[in-house]
Amino acid sequence: MNDKGYITGITILLIIIPLIILLLLMINVNQEITNTTTNKLESNEITEVTTDLNNNMEQITQKTLSETIITVITSKKQVPNSKELLIENLQKNVNDKTIQYSINDIKLNCTINDIKPSDNPFKLKIIYTIISQKSNHENPIINTKETQEITITNNEYPIIDPLPYLKTDIRYDQEKFIEYDDNLMHYLQERNIANFEVYFNSVSPNIIKKCSYQPYTTHIHNNNTTLINCLENKYYHQSSDGACILCRLEGKATCSHYGIECFIQPKINNSINNSPTSIDHVIFNDSMYNGDKIIFNQENNSFLYLDNGHRQKYGY
């Protein structure tokens, strides 16, 4: 080969080598773009799954609470630790939900850390941790601790008040109100409560529903029609003395948390002017106290017994 051939060969090499290097760089850049795009898509998919679970947590909790209460009241056995029982049952239902996401090759783990009474007694505070990632990748991964305030008033999964069932011999009924027949009367009689007979055939709410009449002092308004509507709708009210839903599952009428209360309405007309106060946490508490008769509907002689504190609370 002459000098001209060597020069030509070297020139070709000088042209080819940069092209090869450029091609390798382009392949590497393209691979990085592909990896970035894949990671972004996977991250978006995991975020969507995590968001979906968060959005479903309220319904899962309501279903769990409703089922747990029905199990407790049908067994007629109060729960020693309602928080532990609810955490256990909620964890099972959440696990059933997270399994559904595995079909998309997503590994999702949700741990229920705690369940607490809320400052709003018609809600529960749920604290949980979600860890999610694609099953065949170490990254991306989402690890987040969430807190939700879950309402306990729901039409799809009605929340039954367990307290009357745990305190008396009444049996579970899906009606919106409880008819005690002679059960509440016997409950009071066994405790040597005077004038126990006024609560024969009394009624009270069955499903927890928040009273829509605010403030509570307006119950006396419009010639007592607000109170009448409240009783007909079987509403519950916020109470600093009544038990929260967790403590009601344990058979407690009062507790240290901000709770709820409802009226227990006598139905049999009588001439007794002073009797146990017609509030559930008073009647089902060991420290019971009396109230004076208030006739709020003259047409049918409907009445309640209210102590001074509850008279003021509801506008009387």
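Each value, and the rule that gives it
Residues numbered from 1 in each chain as written. Predicted model: local features only at pLDDT ≥ 70, side-chain atom pairs only at ≥ 80, totals over all residues. Heavy atoms only, no water. Helix = DSSP H or I, 4+ residues; strand = E, 2+ residues; numbered from the N terminus. Contact = heavy atoms within 4.5 Å. Areas by Shrake-Rupley, 256 points an atom, 1.4 Å probe, with all protein chains shown as cover. 1 Å grid on protein atoms, 1.4 Å probe; cavity = no way out; pocket = protein on both sides within 12 Å on 5 of 7 lines; lining within 4 Å. Points joined across faces, edges and corners; volume = space filled by probe spheres on them. Nonpolar A, V, L, I, M, F, W, Y, C, P; charged D, E, K, R; others polar. Buried < 20%, exposed > 50% of the residue type's maximum accessible area, 1.4 Å probe, protein only. Expected span 1.5 Å × (residues − 1). Polar contact = N/O pair within 3.5 Å; in protein donor to acceptor, adjacent residues only side chain to side chain. Pairing = 2+ DSSP bridges. Axes fitted to C-alpha atoms, helices over the stretch in contact; angles between N-to-C directions. Disulfide = S-S within 2.5 Å. Patch = residues over 30% accessible without salt bridge, like charges linked within 9 Å, V, L, I, M, F, W, Y side chains within 5 Å. Salt bridge = Lys/Arg side-chain N within 4 Å of Asp/Glu carboxyl O. Lys, Arg positive; Asp, Glu negative; His and termini not counted. Charge placed at Lys NZ, Arg CZ, Asp CG, Glu CD. Phe/Tyr/Trp six-rings, centres within 6.5 Å; stacked < 30°, edge-to-face > 60°. Lys NZ or Arg CZ within 6 Å of the ring centre and 35° of its normal.

**Examining the overall build of the chain**
Line of reasoning, step 1. Secondary structure assignment for the chain yields eight helices and ten strands.
Line of reasoning, step 2. Of all intrachain contacts in the chain linking residues separated by at least 6 positions in sequence, the fraction that spans at least 24 positions is 62%.
Line of reasoning, step 3. Summing over all exposed atoms, the chain offers an accessible surface of approximately 16,700 Å²; the carbon and sulfur share of this is 50%.

**So, empty space enclosed by the protein**
Line of reasoning, step 1. Here the structure, examined in full by the defined rule, presents three cavities of 30 Å³ or more.
Line of reasoning, step 2. Size it by volume and the largest cavity reaches roughly 70 Å³.
Line of reasoning, step 3. Along the walls of the largest cavity sit Val203, Ser204, Pro205, Cys230, Leu231, Lys234, Tyr235, His237, Cys262, Phe263 and Gln265, which together make up its complete lining.
Line of reasoning, step 4. Here the lining of the largest cavity gets three residues from one element, more than from any other, and that element is strand S5 (residues 203-205).
Line of reasoning, step 5. Of the residues belonging to the lining of the largest cavity, the class tally is seven nonpolar, three polar and one charged.

**Let's talk about the environment of Thr68**
Line of reasoning, step 1. Secondary-structure assignment places Thr68 in helix H1 (residues 3-75).
Line of reasoning, step 2. Overall, the relative accessible area of 3% leaves Thr68 in the buried class.
Line of reasoning, step 3. Sequence separation of Thr68 and Ile159 is 91 residues, and the distance between their C-alpha atoms is 9.7 Å.
Line of reasoning, step 4. Beyond its immediate stretch of four places on either side in the chain, Thr68 contacts Leu85, Leu86 and Asn89.

**Describing helix H2 (residues 82-99)**
Note on helix geometry: an α-helix contains 3.6 residues per turn, so any two residues three or four positions apart are oriented the same way.
Line of reasoning, step 1. Compared with an ideal rise of 1.5 Å per residue, which puts 18 residues at 26 Å, H2 spans 26 Å between its outermost C-alpha atoms and is within 8% of the ideal.
Line of reasoning, step 2. Buried within H2 are the following residues: Ser82, Leu86, Ile87, Asn89, Leu90, Gln91, Val94, Lys97 and Thr98.
Line of reasoning, step 3. The opening residue of H2 is Asn81, an N-cap whose side-chain oxygen sits 3.3 Å from the backbone nitrogen of Lys83.

**Things to note about the layout of surface pockets**
Line of reasoning, step 1. The space that makes up the largest pocket amounts to roughly 160 Å³.
Line of reasoning, step 2. For the lining of the largest pocket, the per-class residue count stands at two nonpolar, four polar and three charged.

**Notes on the sheet that holds strand S10 (residues 302-306)**
Line of reasoning, step 1. With antiparallel pairing, three strands are arranged side by side in an open sheet as S8-S9-S10. Only two strands of the sheet have a single partner each, and these edge strands are strand S8 (274-276) and S10. Put simply, the sheet's adjacent strands are angled 50° from each other on average, direction ignored.
Line of reasoning, step 2. Judged from the five bridges that link them, strand S9 (residues 290-297) and S10 form a sheet pairing that is antiparallel. Its bridge partner being in S10, Lys293 is matched across the sheet by Tyr305.

**Here's the deal with the state of the cysteines**
Line of reasoning, step 1. Within the structure shown, the criterion is met by zero disulfides.
Line of reasoning, step 2. Note on Cys247: no disulfide assigned, nearest cysteine sulfur contributed by Cys255 at a separation of 3.7 Å.

**Some remarks on a negative patch on the surface**
Line of reasoning, step 1. Together, Asp173, Glu175, Glu179, Asp181 and Asp182 make up a region of like negative charge exposed at the surface.
Line of reasoning, step 2. Relative to the elements of secondary structure, Asp173 occurs in the loop between helix H3 (163-167) and strand S4 (177-179).
Line of reasoning, step 3. With relative accessibility at 38%, the residue Asp173 sits in the partly exposed group.

**A short note on the packing of aromatic side chains**
Line of reasoning, step 1. This structure, assessed with the given rule, holds six aromatic pairs.
Line of reasoning, step 2. Between Phe303 and Tyr305, the ring centres sit 5.6 Å apart and the planes meet at 80°, which makes this aromatic pair edge-to-face.
Line of reasoning, step 3. What makes Phe303 buried here is its relative accessible area of 2%.
Line of reasoning, step 4. Since its relative accessible area comes to 0%, Tyr305 is described here as buried.
Line of reasoning, step 5. Ring-pair connections join several aromatic residues into one group, and the members of that group are Tyr216, Phe263 and Tyr314.
Line of reasoning, step 6. If you follow Lys293 out to its NZ or CZ, it ends over the ring of Phe303, 4.5 Å from the centre.

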